[in-house]
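What the coordinates show
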Amino acid sequence: MSKTFYITTPIYYPSGNLHIGNTYTTVLCDTLKRYKHERGYDAFYLTGMDEHGKKIETVANERGVPPIEHVDALAEATRELWDNLKIDYDDFIRTTEKRHKSVVQKIFERLLEQGDIYLGTYKGYYCMPCESFYTDTQLADNHTCPDCGRETTQLEEESYFLRLSKYQKKLLHYIEAHPDFITPETRKNEVVSFIKQGLNDLSVSRTTFDWGIKVVSNPKHVVYVWIDALSNYISALGYGTDNDKRFQKYWHGDEVLHVVGKDILRFHAIYWPIMLMALDVPITFKLHAHGFYMMKDGKMSKSKGGVIYPETILTHYGLDELRYFLLRELPYGLDGLFTPEAFVERINFDLANDFGNLLNRTIAMINKYFDGEIASPSEPLDDIDQDLRETVTDVIRAYKENMNTLKVSQALQDLWRLVSRTNKYIDETMPWALAKDEAQKPTLEKVLYHLAESLRHIGVMLKPILLNAAPALFNQLGVEDEHTTWQSLSFGEKKHYHVTPKPTPLFPRLDVEVEVKKLRDEIAGKTQVKPLEPKPDTVSIDDFSKMHIVVAEIKTCEPHPDADKLLVITVDVGNQTKQIVAGIAEHYSPDDLPGKRVLVINNLKPVKLRGVKSEGMLLAGSNKERLEVIESHALKPGDRVK
Ligand code: MSP
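Residues numbered from 1 in each chain as written. Predicted model: local features only at pLDDT ≥ 70, side-chain atom pairs only at ≥ 80, totals over all residues. Heavy atoms only, no water.

1. Quick look at the overall build of the chain
Inclusion rule: Strands are runs of DSSP state E lasting at least 2 residues, helices are runs of H or I lasting at least 4, and numbering of each runs from the N terminus. Note on exposure labels: buried denotes an accessible area under 20% of the residue type's maximum, exposed denotes more than 50%, and partly exposed covers the range between, all computed with a 1.4 Å probe on protein chains only. A contact between two residues is defined here by any heavy atoms of the two lying within 4.5 Å.
Summing up its helical and strand segments, the chain has 20 helices and 27 strands in all. For the C-alpha atoms alone, the extent of the chain along its principal axes is close to 85 × 85 × 50 Å. Taking all 642 residues of the chain together, 53% fall into the buried category. Long-range contacts, defined here as pairs at least 24 residues apart, represent 72% of the contacts in the chain between residues at least 6 apart.

Set out below in C-alpha cells:
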C-alpha cells in the first residue's frame, strides 16, 4: 500500500481577484503534491474558499448582490484560475457548503457541551469606516484603528469564547516534543514566544452580522471566522459524518501538511491544534509558513505597491514561466520581491539560455552527427564523464532533500547546478571538434549520450514544476513514459535515444526593454489585466448538429423603435422571410446591411426583444476593437452551414 500525503492551502477569501502572492501558496502546494505523487505517494490536495464574515457581506452589499451570489461568482472564477494554472487539486471546499456547515455546527456544539466554549462578553474597539473590531493590543496609538488611523469606539457584545488558556501548557509541550511541527524554525520561535506571553481566550461568535454559520443552540450568534475556516481541513474529509473514509485515510495517514502564509501562522499554530486537542482529534499535521511576495514599494496591494495578477503572466508569457519564477524567487523562510526585471531575467537566463538552449543544442547535434539516433557508449568513461555523472547523483540527492523539507527554491537552484554542469560539459568536450575526426566518432557519441541522459534526469526532476516544458523535453528527446519516472533516475537507464528531427525552443528569449515596460505598465494599472477566456465546455457533434445554420440574404434593416443598440432586420432564408433583432447597431448603420449574405441560426426559439419579435440569430465575430457579421459570397440563401 502506498503511503498517504494530505496537503492543504489556506482557503481564500472571495474579496477580489487573487494576485500572484496568493497564487504562490497554491502553486507551491501543487508542486509538492505532484512531487509526492511521483515518489509513489497516494497524495490528496485540498484547496477552497473561506466565504463567511462581515467583510464579505459588506463587499456583496456594495455590489448590490446577495452574499451567496457574490461568493458563487468568485468561487467559480477561482476554480477557473486554478484550472488555467493546471492546479491538480482533489477537492475544493467552500465554507458555504452544507457538508462543511453541518460539521462546524457539530464541532461548536460539542465544544460548548464540554465547556471548552463558554458564553461571555466581548469588549472590543469598533472602527465604523472599516466595520472592524479590534482588541486592546491590536489598536494603534490613542486607541485609533490600526488600518485607517481613525478613532474607534469601545463596544461590548455578547460572544462565545474558546478556552485557549486551558490548553496553553499542553500546546507548548506538544511543540517542544515535535521539533518539526512548525517550519521554518524562525516561525516556530515566534509562535513559542507568543504562547509564553499567555493566551487570552478567543472570541468565536458574533451577533452583529448574519453572514455566517448559525450557532445551533443560540441562533442569534454566528460562528466567527476562524473556527469556521480552520475546520475545513477536516470537514472536507468527512470528519464527523457517516462517510469519513477519507478522514480516516488521510488525516490518520502518513503525512499531513498545511501550507500557509506567515500572516496566518498564529491561527494555524495555536487555535487549530487547540481545537483539535479539545475535539480529541490527533494533531497529525505539520505546518509550513512561507514568506510574502512583495513589490518594490512594499506590500502587494492595489493602493500601495501595485499588484501583479497571474492572468497577466499567463497571457503574456506562460504557465511554466509563472510557476518557475514564483517557486524560484521566494527564498525559504523569507520574503521575496516581484520585479519586472527579475522576472524577465529569470526567463531569459535560466529558462531560455541555460536550460532551453541546452536541449536545443543537444538535439541539433544528435541530428547533425548521428541522424537523430545514439546509443549508450561502450567507450571507457573519462574524468569529465565521471564528474558529470557524480553531479547528477549529487543533485538528485540534494533535490530530494530540499523537496522533502519544502525548500523548493533551493531544489531549483540545485537543479540548475546540473544544468550549468551539463553546459560546461559541452565546452569541455567540444563535440564540434570531435566531429571533425572520424576516429573520434565513438567518443562523440558518448558525449552526446551523456548530454541526453543528463537532460532526461533534469526533465524528471522538473516534472512537478514545469508542466509544459518537461513533457515537451521528453517528447523532443524521444523519452518513453517508463523513462520519465522517479524510479528510472539512474544514469544509463535509458539505452537508446531517437530524437525529434526538428527541436522547438522551449522558452523564446524576451526583449528585456519591451517586456519590462509592459510589466511596469501592468503593475501601475495602466493596462487592463486581461481575464482569461472561460474554458468552454466541450460539446458533442450531436449538440452541434442540432443547430440549423443557414446562409441568409438581408432584405431590409431598420433601427429598433425602442433600443439604441438593436437593429430590426428581415432576411431571406431560402424558402421564407424571417425577422431578426440583432445587437449590432453600434457597429453597422441600417444602410450598410441590405444585400449582404450572412449566416443565421435558423431554428432558434423565437423571442421578443424589447417588444419586437426575433426569429433567429445573426452570427458575428468580435474582438476588443470591432464586430463583424460573418458573410458568405458564393452561397445562396437557404444553403446549410455545417
Ligand atoms: N481566509 C484566510 C485563510 C483561512 S485558512 C483556514 C486567508 N485568506 S487570504 O485569501 O487572505 O489569503 C490566503 C493566503 O494567501 C494566505 O496564506 C496568505 O498568507 C497568502 N498571501 C496573501 N498575500 C501574499 C503575498 N503577497 N505573498 C505570499 N502569500 C500571500 O487568509
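What follows picks up the thread again.
2. Some remarks on the site of the ligand
Stated formally: Near residues are defined by distance, with any heavy atom within 4 Å of the molecule or strand qualifying the residue. Counting of polar contacts relies on pairs of N or O atoms within 3.5 Å, with two restrictions inside protein: one atom must be capable of donating a hydrogen and the other of accepting it, and residues adjacent in sequence are counted only when both atoms are side-chain atoms. All accessible-area figures derive from a Shrake-Rupley calculation using a 1.4 Å probe, and residue coverage is judged against the displayed protein chains alone.
Every one of the 22 residues lining the ligand counts as a neighbour, but I11, D50, G261, D263 and Y293 are closest to it. Here an oxygen atom of the ligand sits 2.3 Å away from a polar atom, N or O, in the side chain of D263. Burial of the ligand by the protein amounts to 93% of the accessible area it has alone, namely 670 Å². Those elements that provide at least two residues to the shell around the ligand are α1 (20-38), α7 (225-230), α8 (232-235) and β11 (255-261). In terms of residue count, α7 provides more of the shell around the ligand than any other element does, three residues in total.

3. As for the sheet that holds strand β15 (residues 336-337)
Short version of the rule: Two strands pair under a simple rule: DSSP has to find at least two bridges between them.
Pairing in this open sheet of three strands is mixed, and the strands run β14-β13-β15 from one edge to the other. Looking along the sheet, the strands with just one partner apiece sit at the ends: β14 (298-299) and β15. The pairing of strand β13 (residues 293-295) with β15 spans two bridges and is parallel. Within β15, the residue paired with Y293 across the bridge is G336.

4. Describing the pairing of strand β21 (residues 597-601)
With four of its five residues buried, β21 lies for the most part within the structure. With five bridges joining them, strand β18 (residues 549-559) and β21 adopt antiparallel strand pairing. Of the residues in β21, the one forming a bridge with V550 is V600.

5. A look at the pattern of salt bridges
Spelled out, the test is: Here, a salt bridge means any side-chain nitrogen of Lys or Arg that lies within 4 Å of a carboxyl oxygen of Asp or Glu.
The final tally for this structure, using the stated rule, is 38 salt bridges. D382 serves as the salt-bridge partner of K446, at 3.7 Å between the closest nitrogen and oxygen. With a gap of 64 residues between them, K446 in helix α17 (residues 441-462) and D382 in the loop between β16 (373-375) and α14 (383-404) connect regions that are remote in the sequence. Among the residues examined, D382 registers a relative accessible area of 35% and is labelled partly exposed. Linking K613 and E615 is a salt bridge whose minimum nitrogen-to-oxygen distance equals 3.8 Å.

6. Quick look at the nonpolar core
Rule in force here: As used here, the term nonpolar core means buried Ala, Val, Leu, Ile, Met, Phe, Trp, Tyr and Cys residues forming a set that is joined through side-chain atoms within 4.5 Å. Throughout, the edges of the domains are those of an automatic or database domain assignment.
One finds F338, F355 and L477 to be the most contacted residues of the largest nonpolar core, which totals 104 residues. When residues are assigned to domains, this core turns out to be shared by domain 1 (4-290) and domain 2 (319-498), each giving three or more. With residues up to four places along the chain from it excluded, the contact list for F338 reads I20, Y293, M294, M295, I308, I313, F325, F343 and I523. The next biggest cluster of nonpolar side chains, apart from the first, holds 63 residues, and it includes I93, L164, L171 and L265.

7. Thoughts on the domain arrangement of the chain
In many reports, interface size means the accessible area that the parts give up when they come together. Along its sequence, the chain is carved into domain 1 (4-290), domain 2 (319-498) and domain 3 (541-641). Each of domain 2 and domain 3 was reduced to a C-alpha centroid, and the two centroids are 56 Å apart.

8. Looking at the confidence of the model for the chain
Where we set the bar: Scored from 0 to 100, pLDDT records how confident the predictor is in each individual residue.
Scored by pLDDT, the chain comes out at a mean of 92, with 96% of its residues at no less than 70. Contacts for the low-pLDDT stretch residues 530-537, under 50 throughout, to residues beyond four places or in other chains number 10 contacts.

9. Considerations on the sheet that holds strand β4 (residues 117-127)
Sheet strands pair via backbone hydrogen bonds, and the direction of the pair is either parallel or antiparallel. Read across the sheet, four strands follow the order β5-β4-β6-β8 without closing on themselves; strand pairing throughout is antiparallel. Each edge of the sheet is formed by a strand with only one pairing partner; in this case those strands are β5 (132-134) and β8 (202-203). In this structure, β4 lies alongside strand β6 (residues 153-162), joined through 10 bridges in antiparallel fashion. Paired with T121 across the bridge in β6 is E158.

10. Section: helix α19 (residues 512-523)
What counts is decided by this rule: Expected span, for any helix, means 1.5 Å times one less than how many residues it has.
Given a rise of 1.5 Å per residue, 12 residues ought to cover 16 Å, and the 16 Å separating the end C-alpha atoms of α19 matches this to within 8%. By the burial criterion, the buried members of α19 are E515, V516, L519, D521, E522 and I523. Tucked inside the fold, the buried residues of α19 contact β13, α11 (310-316) and α13 (340-370). By the N-cap criterion, in which a side-chain oxygen at the helix start approaches the backbone nitrogen of a residue two or three places on, α19 is capped by D511, the distance to E513 being 3.1 Å. Backbone geometry just downstream of α19 places G525 in the positive-phi region, at approximately 80°.

11. Section: the pairing of β4
The pairing of β4 with β5 spans three bridges and is antiparallel. Residue pairing for β5: C127 is matched across the bridge by S132.

12. Details of the side chain of D30
Along the chain, the position of D30 falls in helix α1. Looking at D30, its side chain comes within polar contact range of the side chain of R323, at 2.8 Å. Once you skip the residues sitting within four places of it in the chain, D30 turns out to touch Y45, K86, I87, D88, R323 and L467.

13. Comments concerning the packing of helix α12 (residues 319-329) against helix α15 (residues 408-429)
Each pair of packed helices gets described by two things: the angle between the helix axes and the distance between those axes. What counts, and what does not: For every element, the axis is a line fit to its C-alpha atoms; helices are fit only across the contacting stretch, and the angle between N-to-C directions ranges from 0 to 180 degrees. Relative orientations are named as follows: roughly parallel for angles under 35 degrees, roughly antiparallel for angles over 145 degrees, roughly perpendicular for angles from 65 to 115 degrees, and oblique for any other angle. Residue type decides the class: Asp, Glu, Lys and Arg count as charged, Ala, Val, Leu, Ile, Met, Phe, Trp, Tyr, Cys and Pro as nonpolar, and the leftover types, Gly among them, as polar.
α15 packs onto α12 with a crossing angle of 105° between their chain directions and a minimal axis gap of 7 Å. It follows from the interaxial angle that α12 and α15 lie roughly perpendicular. Residues Y324, L327 and R328 of α12 touch α15, and the partners they reach there are V408, S409, L412, Q413 and W416. Its residues assigned to classes, the contact of α12 with α15 shows five nonpolar, two polar and one charged.

14. What to know about the environment of R640
Structurally, R640 is set in strand β27 (residues 640-641). Its relative accessible area of 34% is what places R640 among the partly exposed residues. Between the C-alpha atom of R640 and that of V307, which follows or precedes it by 333 residues, the distance is 49 Å. What R640 contacts, discounting residues up to four positions off in sequence, is S545, M547, H548, I549 and V550.

15. Notes on a nonpolar patch on the surface
Keep this limit in mind: The patch calculation keeps residues exceeding 30% relative accessible area without a salt bridge and links them within 9 Å when they carry like charges or within 5 Å when they are nonpolar (Val, Leu, Ile, Met, Phe, Trp, Tyr).
Together, I541, F544 and M547 line one region of the surface with nonpolar side chains, adding up to about 280 Å² of accessible area. With respect to the helices, strands and loops of the structure, M547 is situated in the loop between α20 (541-545) and β18. Residue classification places M547 among the partly exposed positions, given a relative accessible area of 32%.

16. Observations concerning the packing of aromatic side chains
Rules: In this analysis, rings of Phe, Tyr and Trp, with Trp reduced to its six-membered ring, are considered paired at centre separations within 6.5 Å, and the interplanar angle assigns stacked below 30 degrees, edge-to-face beyond 60, and tilted for intermediate values. Should the NZ of a Lys or the CZ of an Arg lie within 6 Å of a ring centre and within 35 degrees of the ring normal, that charge is described as sitting over the ring.
Counting across every chain of the model gives 31 aromatic pairs. Aromatic side chains F355 and F507 sit 6.4 Å apart centroid to centroid with 50° between the ring planes, which places their arrangement in the tilted category. Separated by 152 residues along the polypeptide, F355 in helix α13 and F507 in the loop between β17 (496-498) and α19 bring together distant segments of the chain. This pair shows no difference in class: F355 is buried, exactly as F507 is. A network of ring pairs unites the aromatic residues Y6, F44, Y174, F181, Y233, Y239, F247, Y250, W251, W272 and F285 as a single cluster. Geometry around F5 places K36 over its ring, the cationic atom sitting 5.2 Å from the centre.

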